[in-house]
Amino acid sequence: MNRRPSRVLASVLTAGVLVSASACSAFDAPGEEPTNERVTASPAAPASPTASATPSLTVTQAHDALLSPAELGERWSATQGGATWRDGLLKGRTDVADCQRLLDGLYAEDLLGKPKGAGAVVGLDESDTEAQLRYQVAAYGGPAEVDAKMAWLRTLPVKCAEFTSTDVRGGRQTVTVVPAALPGVGDAREGLRMTMSGEGDPYGETPTLTLDFAAVRVGDRAVSLTNGGLGGAEEDFTNQAIQLGTQRLQKVLTKQSPATRPTDRPSARQG
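The rules we used
Residues numbered from 1 in each chain as written. Predicted model: local features only at pLDDT ≥ 70, side-chain atom pairs only at ≥ 80, totals over all residues. Heavy atoms only, no water. Buried < 20%, exposed > 50% of the residue type's maximum accessible area, 1.4 Å probe, protein only. Helix = DSSP H or I, 4+ residues; strand = E, 2+ residues; numbered from the N terminus. Pairing = 2+ DSSP bridges. Disulfide = S-S within 2.5 Å. Polar contact = N/O pair within 3.5 Å; in protein donor to acceptor, adjacent residues only side chain to side chain. Contact = heavy atoms within 4.5 Å. Axes fitted to C-alpha atoms, helices over the stretch in contact; angles between N-to-C directions. Parallel < 35°, antiparallel > 145°, perpendicular 65-115°, else oblique. Left-handed = near helix turned anticlockwise from the far one by under 90°. 1 Å grid on protein atoms, 1.4 Å probe; cavity = no way out; pocket = protein on both sides within 12 Å on 5 of 7 lines; lining within 4 Å. Points joined across faces, edges and corners; volume = space filled by probe spheres on them. Nonpolar A, V, L, I, M, F, W, Y, C, P; charged D, E, K, R; others polar. Phe/Tyr/Trp six-rings, centres within 6.5 Å; stacked < 30°, edge-to-face > 60°. Lys NZ or Arg CZ within 6 Å of the ring centre and 35° of its normal. Salt bridge = Lys/Arg side-chain N within 4 Å of Asp/Glu carboxyl O.

## Here we look at the pairing of strand S5 (residues 162-166)
On a regular strand, one side chain projects to one face of the sheet and the next to the other, so that they alternate. Where burial is concerned, the two faces of S5 differ: the one with Phe163 and Ser165 is buried and the one with Glu162, Thr164 and Thr166 is not. Sheet topology note: the S5/strand S6 (residues 172-179) ladder contains 5 bridges and is antiparallel. Looking at the pairing, Thr166 lines up with Arg172 of S6.

## Brief notes about the state of the cysteines
Enumeration according to the criterion identifies 1 disulfide in this entry. Note that Cys99 is cross-linked by a disulfide to Cys160, the S-S spacing being 2.2 Å. An S-S torsion of about -110° defines the bridge between Cys99 and Cys160 as left-handed. Of this pair, Cys99 sits in helix H5 (residues 97-108) while Cys160 sits in the loop between helix H6 (143-159) and S5, and the two are 61 residues apart along the sequence.

## Examining the side chain of Glu190
With respect to the helices and strands, Glu190 occurs in strand S7 (residues 188-197). Glu190 gets classed as buried once you look at its relative accessible area, which sits at 10%. A distance of 2.8 Å separates polar atoms of two side chains, one belonging to Glu190 and the other to Arg154. Discounting residues that sit within four places of it in the chain, Glu190 has contacts with Met150, Leu153, Arg154, Leu182, Phe213, Ala214 and Ala215.

## Remarks on the packing of H5 against H6
One can describe the packing of H5 onto H6 by two numbers: an axis separation of 10 Å at closest approach and a directional angle of 120°. Taken together, H5 and H6 sit at an angle that is classed as oblique. As for the relative orientation of H5 and H6, their crossing is left-handed in sense. Touching Asp98, Cys99, Arg101 and Leu102 of H5 are Lys149, Trp152, Leu156 and Lys159, all from H6.

## Observations concerning empty space enclosed by the protein
One pass over the structure, following the stated rule, counts 2 cavities of 30 Å³ or more. Reported here for the largest cavity is a volume of approximately 60 Å³. Along the walls of the largest cavity sit Leu102, Leu106, Leu111, Val177, Leu192, Met194, Leu211, Asp212 and Phe213, which together make up its complete lining. When residues of the lining of the largest cavity are assigned to their parent elements, the largest contribution, 3 residues, is made by strand S8 (residues 208-218). Of the residues contributing to the lining of the largest cavity, the split by class is 8 nonpolar, no polar and 1 charged.

## Considerations on the packing of aromatic side chains
One pass over the structure, following the stated rule, counts 1 aromatic pair. With a centroid separation of 5.3 Å and an interplanar angle of 85°, the aromatic rings of Trp76 and Phe237 are classed as edge-to-face. One end of the pair, Trp76, is in strand S2 (residues 76-78); the other, Phe237, is in helix H7 (residues 235-253), and 161 residues separate them in sequence. The exposure class of Trp76 is buried, given its relative accessible area of 4%. Sitting above the plane of the Trp152 ring, Arg101 keeps its charged end 3.7 Å from the centroid.

## What about the pattern of salt bridges?
Using the criterion set out here, one finds 15 salt bridges in the structure. Here Arg75 makes a salt bridge to Glu126, at a shortest N to O gap of 2.6 Å. One end of the pair, Arg75, is in the loop between helix H3 (69-72) and S2; the other, Glu126, is in strand S3 (residues 119-126), and 51 residues separate them in sequence. Among the residues examined, Glu126 registers a relative accessible area of 4% and is labelled buried. Its salt-bridge partner being Asp220, residue Arg221 comes within 2.0 Å of it at the nearest N-O pair. Residue Asp220 is classed as buried on the basis of its relative accessible area of 5%. Ionic contacts of the salt-bridge type, sharing partners, join the residues Arg75, Glu126, Asp128 and Glu234 into one network.

So far we have only geometry, and geometry alone does not tell us how the molecule works.
Printed below as a string of structure tokens:
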């Protein structure tokens, strides 16, 4: 596989950090979750009738709901960090407000907003295409809050179907956004695929960043991920991660024991 575009772009972009500074981390929210929320059905999928009775997400539960590399296959491992395209491309600027919000949200890793409860995150690397996957489990301010973010995400394939951004070096990137179908899990879900193509390199090749974003709501909790890189983003891995992750979260919330984790699962730490 020719990875010259990755090496060339990495040599000229500002060195970045992976989605998180560590392979995985956890966080607590300042304050407690509301206790009398009204579950709002998403147009994409009816809300679960038992969602409001689901126990609050704890840090331990969030950790237990994380994916391990082995669940995605032998090509995946705990991240080693160093995704140069994060700073080099996602910090781009555009005149289109919604598209700028998309770029900013991908860079800040908060397209669903800041979590209002406990959560955890893990970073994984894929050896073949050099894709990187960031997977997060978190509690938010209520089902309606998450659904509103998903409704906005649903508009982006129209509002940001194609636009131009300027990267940190002043290069122009052609960006496209299309919807991505996800497995029918959870109470509501939304998926996008974004591609960014530059003006070419000295070898006559045009490096392209492909990045999937997927989110699934379970009550007022959500799992979300980004998956991709300069070598592409495999839809099968995106769908596998979102399906397995949602099912694991549902089992954790109903106090069922998830399947025994492989021994190579990265250990989560407080952060």
